[in-house]
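# Topology and contacts: notes
One-letter residues, chain by chain:
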Amino acid sequence: MDVFLVSGGGPLTGSVRVNGAKNSALKLAAAALLAPGRTVVDNVPDIADIRVMGQVLQHLGVGVHHRSGVLTLDVPEQVGDSTPADLASKLRASIVVLGPLLARCGHVRIATPGGCNLGSRAIDLHLSGLARMGAQIDYGAEHVEARARRLVGADIELPYASVGATENLLMAAVTASGTTRLGNAAREPEIVDLVAFLQSMGADIRGGGTSEIEVRGVRELRPTRHVVIGDRIEAGTFAVAAAVTGGMIDLHGVRPEHLRLALSKLQAAGAEVTERDDGLTVHGGGELKAVDVVTLPFPGVPTDLLSAFLLLSSQARGTSMLTENVYESRFSVIDEMVRLGADIHLEGHHAIVRGPARLAGAVVRATDLRAGAALVIAGLVAEGETVVTDPYHVDRGYTDFAARLSALGGDVRRADVVPSLV
Ligand code: UD1
């Protein structure tokens, strides 16, 4: 049984090169489907989710080559128009091929997507937006099928600023006839990256990064070359690791403005943060103080950092209230943190955290990708040995997580253990 073995110890110190953003690279790979020819994406992380997306694209007829961070996609004149269930169930983000495939092929049938176990992750906003653009949709438990000879621009007001729906509708709109206006669009940095990518393919888009995006359809797009932005969630994870271990980590390859509110919470908790154009330094020497955190769509604190902030609060003096507004199941990590000795109580969508708690090693389970990363770091704070099971969740989003933490002085390794010993 594959696990992370973590021994608590001293501060994490050193320098980390932040990878390209998973949540951007996945969408850029899907957007490449919009133009036949060779598209090259640089700074693409070597993680399991990207490998699955590569398999989805291969299934659609795309030549996929990923080496040293460079993802080369050879998109044929004719792409396939269906995705298989076994791949879609491994990757919820596979839903983002819906928009580009419908735009390219006029028909798409994709298996209903899986991915992180985060409660009801509906796709109604993706589908109702595509229907507004003239698509006929057939939505079942096992598959989603959509048809449209040519999509037509429409005014679409999203009832919620969904990241995935904004991305799918953008990719559907770029070659639609006429103009699409997306109201209450998501403003995440990954959306801005996708807009820049589509613009470099010849798309006519205004307002990326604001809640009003206007897309004037063009007849066709061309392949492109693009560098993915740094991963703000990976950066935030290492930033919290510096704070809770009382260490100092230099992060390179990420823009501080992409995680400004999260950094201001770290500062309010007592960590020192120094920002540079393409990175930051987090120094966590002193005592941490309780801080309240509310997760919200960008520019709010990202829901993907909730688990890390739960850990931070457990080590801070006083009572913190952490409010989760995006995914109800993010709190599944709490039981695992409590097993390590954290004092956390749930009241509705608020977690009340009392600290500082002395953590002690235990066997805990990575309940999702971000939970897994936070539990490994919790193991570095805990006395004794912590075993984090189900490490494949962490592999979905972090490259060589154990090795990179070890390079900073942490005692973390991957091991095969006998299940009865865990
Ligand atoms: C993306 C990120 C994920 C992040 C999330 C919010 C990727 C691969 N994943 O997920 O890491 O946590 O943004 O920043 O980029 N919803 C609906 N109907 C819809 C769409 C969404 O009800 O049609 C709900 C979801 O159930 C969820 C919330 O809206 O509760 C947020 O979803 P969304 O913003 O779409 O996130 P994702 O794109 O799935």
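These numbers come from a predicted model, not from an experiment.

Here we take up helix α10 (residues 306-314). Among the nine residues in α10, nine count as buried, and that is most of the element. Turning to α10, its buried residues number three or more, namely L306, S307, A308, F309, L310, L311, L312, S313 and S314.

Moving on, we come to helix α8 (residues 232-245). Taking 1.5 Å of rise per residue, 14 residues should cover 20 Å, and α8 covers 20 Å from first to last C-alpha, within 8% of that figure. Its side-chain oxygen placed 2.9 Å from the backbone nitrogen of I233, D231 serves as the N-cap of α8. Looking one or two residues beyond α8, the residue adopting positive phi is G246, at roughly 65 degrees.

As a structural note, the neighbourhood of the ligand is formed by 20 residues, with K27, D124, L125, S162 and D304 the closest of them. R92 has a polar side-chain atom sitting 3.2 Å from an oxygen atom of the ligand. A distance of 3.3 Å separates a nitrogen atom of the ligand from a polar backbone atom of A122. Here the ligand loses 85% of its free accessible area of 750 Å² to cover by the protein chains. Mapped onto the shell around the ligand, the elements with two or more residues apiece are α1 (22-31), α5 (124-132) and α6 (163-173). With three residues, the single largest contributor to the shell around the ligand is α5. Partitioned by chemical class, the residues of the shell around the ligand number eight nonpolar, six polar and six charged. Counting contributing residues, the shell around the ligand receives three or more from each of domain 1 (2-19 + 230-421) and domain 2 (22-227).

The next point concerns the sheet that holds strand β18 (residues 293-294). One open sheet holds the four strands; their spatial order is β18-β19-β21-β20, and the pairing between them is mixed. The open sheet has two edge strands with one neighbour each: β18 and β20 (343-347). Two elements, β18 and strand β19 (residues 318-323), share two bridges in a ladder whose sense is parallel. Looking across to β19, one finds that V293 is bridged to L322.

Here we come to the pairing of strand β11 (residues 179-183). In this sheet, β11 lies alongside strand β10 (residues 155-157) in parallel orientation, the contact comprising three bridges. By the bridge assignment, D155 is partnered in β11 with R181. As for the winding sense of the linkage, the β-α-β connection from β10 through α6 to β11 is right-handed.

Below, the discussion takes up the packing of α1 against helix α2 (residues 48-59). For the pair α1 and α2, interaxial distance at closest approach is 10 Å and the crossing angle is 5 degrees. It follows from the interaxial angle that α1 and α2 lie roughly parallel. Between α1 and α2, the residues in contact are K22, A25, L26, A29 and A30 and D49, I50, M53 and L57, respectively.

One recurring pattern in soluble globular proteins: nonpolar side chains tend to sit buried together. One finds M53, M133, L170, L198 and I205 to be the most contacted residues of the largest nonpolar core, which totals 74 residues. Among the nonpolar cores identified, the runner-up in size contains 71 residues, and A241, F331, L369 and L375 belong to it.

The sheet built from four strands is open, its strands ordered β22-β23-β1-β24 with mixed pairing. Each edge of the open sheet carries a strand with a single partner, namely β22 (363-365) and β24 (411-416). Direction aside, the axes of adjacent strands within the sheet are offset by 25 degrees on average. Of the strand pairs in this sheet, β22 and strand β23 (residues 385-389) are connected by three bridges, and their pairing is parallel. Bridge pairing in β23 places R365 opposite T389. Seen against the sheet, helix α12 (residues 369-381) touches β1 (2-7), β22, β23 and β24 and runs at an angle of roughly 35 degrees to β1.

Another aspect to go through is unusual backbone geometry. In this structure, the amide linkage connecting F298 to the following residue, P299, adopts the cis form with an omega of 10 degrees. Along the chain, P299 falls in the loop between β18 and α10. Each neighbour pair has its own omega, and for G355 with P356 the value is 0 degrees, a cis peptide bond. Phi is positive for N43, which is not a glycine, with a value near 70 degrees. Positionally, N43 belongs in the loop between β3 (37-42) and α2. One non-glycine residue, D400, lies in positive phi territory at about 40 degrees. The exposure class of D400 is exposed, given its relative accessible area of 53%.

We now examine the environment of A271. Residue placement: A271 occurs in the loop between α9 (260-268) and β16 (272-276). Spatially, the C-alpha atom of A271 lies 9.3 Å from that of K289, the residues being 18 residues apart in sequence. Setting aside residues up to four positions removed in sequence, A271 forms contacts with A243, L266, V282, H283 and L288.

Turning to the domain arrangement of the protein, a few remarks are in order. Interface size is commonly expressed as the accessible area that is lost once the parts come together. The domain architecture assigned to the protein consists of domain 1 (2-19 + 230-421) and domain 2 (22-227). Using C-alpha coordinates to define each centre, domain 1 is positioned 30 Å away from domain 2. Each side of the interface is counted separately: domain 1 has 21 residues, and domain 2 has 20 residues. Around 1,900 Å² of area is buried between domain 1 and domain 2 when both sides are counted, 51% of it from carbon and sulfur atoms. Across the domain 1-domain 2 interface, the total number found is two salt bridges. For the salt bridge of R232 with E190, the shortest nitrogen-to-oxygen distance reads 2.9 Å. Applying the counting rule to domain 1 against domain 2 returns five residue pairs in polar contact (both at pLDDT 80 or more). A per-class count over the side of domain 1 that touches domain 2 returns seven nonpolar, five polar and nine charged.

Criteria and thresholds
- Residues numbered from 1 in each chain as written.
- Predicted model: local features only at pLDDT ≥ 70, side-chain atom pairs only at ≥ 80, totals over all residues.
- Heavy atoms only, no water.
- Buried < 20%, exposed > 50% of the residue type's maximum accessible area, 1.4 Å probe, protein only.
- Helix = DSSP H or I, 4+ residues; strand = E, 2+ residues; numbered from the N terminus.
- Expected span 1.5 Å × (residues − 1).
- Polar contact = N/O pair within 3.5 Å; in protein donor to acceptor, adjacent residues only side chain to side chain.
- Near = heavy atom within 4 Å.
- Areas by Shrake-Rupley, 256 points an atom, 1.4 Å probe, with all protein chains shown as cover.
- Nonpolar A, V, L, I, M, F, W, Y, C, P; charged D, E, K, R; others polar.
- Domains from an automatic or database assignment.
- Pairing = 2+ DSSP bridges.
- Right-handed = clockwise from strand over helix to strand, strands pointing away.
- Axes fitted to C-alpha atoms, helices over the stretch in contact; angles between N-to-C directions.
- Parallel < 35°, antiparallel > 145°, perpendicular 65-115°, else oblique.
- Contact = heavy atoms within 4.5 Å.
- Core = buried A, V, L, I, M, F, W, Y, C linked by side-chain atoms within 4.5 Å.
- Buried area = accessible area lost by both parts, 1.4 Å probe.
- Salt bridge = Lys/Arg side-chain N within 4 Å of Asp/Glu carboxyl O.

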